[in-house]
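# Results of the structural survey
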Amino acid sequence: MDLRDRWKTDRLSAALYDFAVQNRPLSRLGARVLWNYDITHLRQSIAAAPADALTLDIPCGGGLAVRDNPRHVAADLSWTMLTRARRKTKTLLQADIYALPFADSTFDLCLTYNGLHCLPDPAAALHELSRVLRPGGTLRGTTLVRGTSRDRLYKLMKRLGVFGPSGTTADLRDWLTSAGLTSIALTPSGAVTGFTARK
């Protein structure tokens with residue numbers, strides 16, 4: 001099964017993942033134990049996003065970063081995740097991160113939290129996010145990276161078909177740069193790196 005099809009159709013895994021992420025104590029413990037990650041970095045990044053920006057949030061998952069705001073478009077490939085995100089907003093769209101149904105330079109802000117490491121080609125996804133980001137717009141996100149003390153667990157998740165190939169923090173910087181993004185700021189924490197960049 002293609003990795004993207006798994007996340008699109010595996011309802012149980014999607015629901016369990018979303019439950020763990022939405023539960024603050026459980027997500028804090030899980031992030032620390034599994035990935036040596038301080039998840040407060042993620043929550044601070046979400047809180048720092050301006051509410052008035054025309055925003056694309058993909059993959060939105062169950063709606064961790066979603067705001068009930070018509071200027072916040074929550075998108076995901078998985079109907080299960082979109083159904084769960086519907087608890088927080090009605091501005092939802094099923095979309096493929098590699099072929100977004102938006103014109104160039106549409107959004108002020110693109111958010112991509114906890115999804116790039118699940119993709120077969122994260123660099124291509126970043127190119128597509130950059131395409132729909134207006135000049136001066138901002139991309140924010142987080143992703144698991146290789147080259148940390150959690151590589152064995154990462155490799156296991158990849159063998160199980162949950163994660164894609166991903167890359168190191170240096171690879172992430174290269175992908176962002178090749179997507180035409182600048183002012184890149186990377187914030188590593190354990191096996192997760194947070195990032196912001198501008199177009």
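Heads up: the structure comes first, above all this text.
Let me begin by describing the structure that accompanies this report. (Residues numbered from 1 in each chain as written. Predicted model: local features only at pLDDT ≥ 70, side-chain atom pairs only at ≥ 80, totals over all residues. Heavy atoms only, no water.)

One pass over the full model with this rule turns up three aromatic pairs. Between W35 and F163, the ring centres sit 5.9 Å apart and the planes meet at 40°, which makes this aromatic pair tilted. Highlighted residues: W35 in helix α3 (residues 24-35) and F163 in the loop between α7 (151-159) and α8 (169-178), separated in sequence by 128 residues. F163 matches W35 in its accessibility class, with the two residues each being buried. Between the aromatic rings of Y154 and F163, the centroid separation amounts to 5.0 Å while the plane-to-plane angle is 40°, which identifies the pairing as tilted. Both residues of the pair, Y154 and F163, belong to the buried class. What links up through ring pairs into an aromatic cluster is the set W35, Y154 and F163. (Phe/Tyr/Trp six-rings, centres within 6.5 Å; stacked < 30°, edge-to-face > 60°. Helix = DSSP H or I, 4+ residues; strand = E, 2+ residues; numbered from the N terminus. Buried < 20%, exposed > 50% of the residue type's maximum accessible area, 1.4 Å probe, protein only.)

We now examine the sheet that holds strand β4 (residues 107-113). Sheet strands pair by backbone hydrogen bonding; their relative direction is either parallel or antiparallel. Taken together, seven strands build an open sheet; the order of strands is β3-β2-β1-β4-β5-β7-β6 and the sheet is mixed. Both outer strands of the open sheet, β3 (92-94) and β6 (182-189), are each paired with one neighbouring strand and no more. Here the strands of the sheet are splayed against their neighbours by 15° on average, with no regard to which way each runs. (Pairing = 2+ DSSP bridges. Axes fitted to C-alpha atoms, helices over the stretch in contact; angles between N-to-C directions.)

A cis geometry characterises the amide bond from I58 onward to P59, with omega recorded as -5°. Mapped onto the elements of the fold, P59 is located in the loop between β1 (55-57) and β2 (72-76). In the Ramachandran plot, N114 falls in the positive-phi region, its phi being about 55° despite a non-glycine side chain. Phi angles above zero are rare outside glycine, and S183 is one such case at about 50°. Residue placement: S183 occurs in strand β6.

On to helix α6 (residues 122-132), then. Of all eleven residues making up α6, eight are buried, and the element is well covered by its neighbours. For α6, the full list of buried residues reads P122, A123, A125, L126, E128, L129, S130 and V132. Buried residues in α6 make contact with β1, β4, β5 (133-144) and α8. (Contact = heavy atoms within 4.5 Å.)

On to the side chain of T193. Considering the arrangement of structural elements, one finds T193 in strand β7 (residues 192-198). For T193, a relative accessible area of 0% corresponds to the buried category. Only 3.1 Å separates the side chain of T193 from the side chain of T169, close enough to count as a polar contact. Once residues lying within four places of it in the same chain are set aside, the contact partners of T193 are G141, T142, T143, V145, T169, L172, L186, T187 and P188. (Polar contact = N/O pair within 3.5 Å; in protein donor to acceptor, adjacent residues only side chain to side chain.)

The next thing to look at is empty space enclosed by the protein. The rolling of a water-molecule-sized probe over the atoms marks out the regions of remaining empty space. Tallied over the full model, the rule gives one cavity of 30 Å³ or more. Its volume calculated, the largest cavity comes out at about 40 Å³. A per-element tally of the lining of the largest cavity places β4 first, with three residues. Looking at the lining of the largest cavity, its residues break down into seven nonpolar, two polar and one charged. (1 Å grid on protein atoms, 1.4 Å probe; cavity = no way out; pocket = protein on both sides within 12 Å on 5 of 7 lines; lining within 4 Å. Points joined across faces, edges and corners; volume = space filled by probe spheres on them. Nonpolar A, V, L, I, M, F, W, Y, C, P; charged D, E, K, R; others polar.)

Turning next to the pairing of β5. Counting buried positions over the twelve residues of β5 gives nine, a clear majority of the element. Here β5 runs beside β7; their pairing, made up of seven bridges, is antiparallel. Of the residues in β7, the one forming a bridge with L144 is V192.

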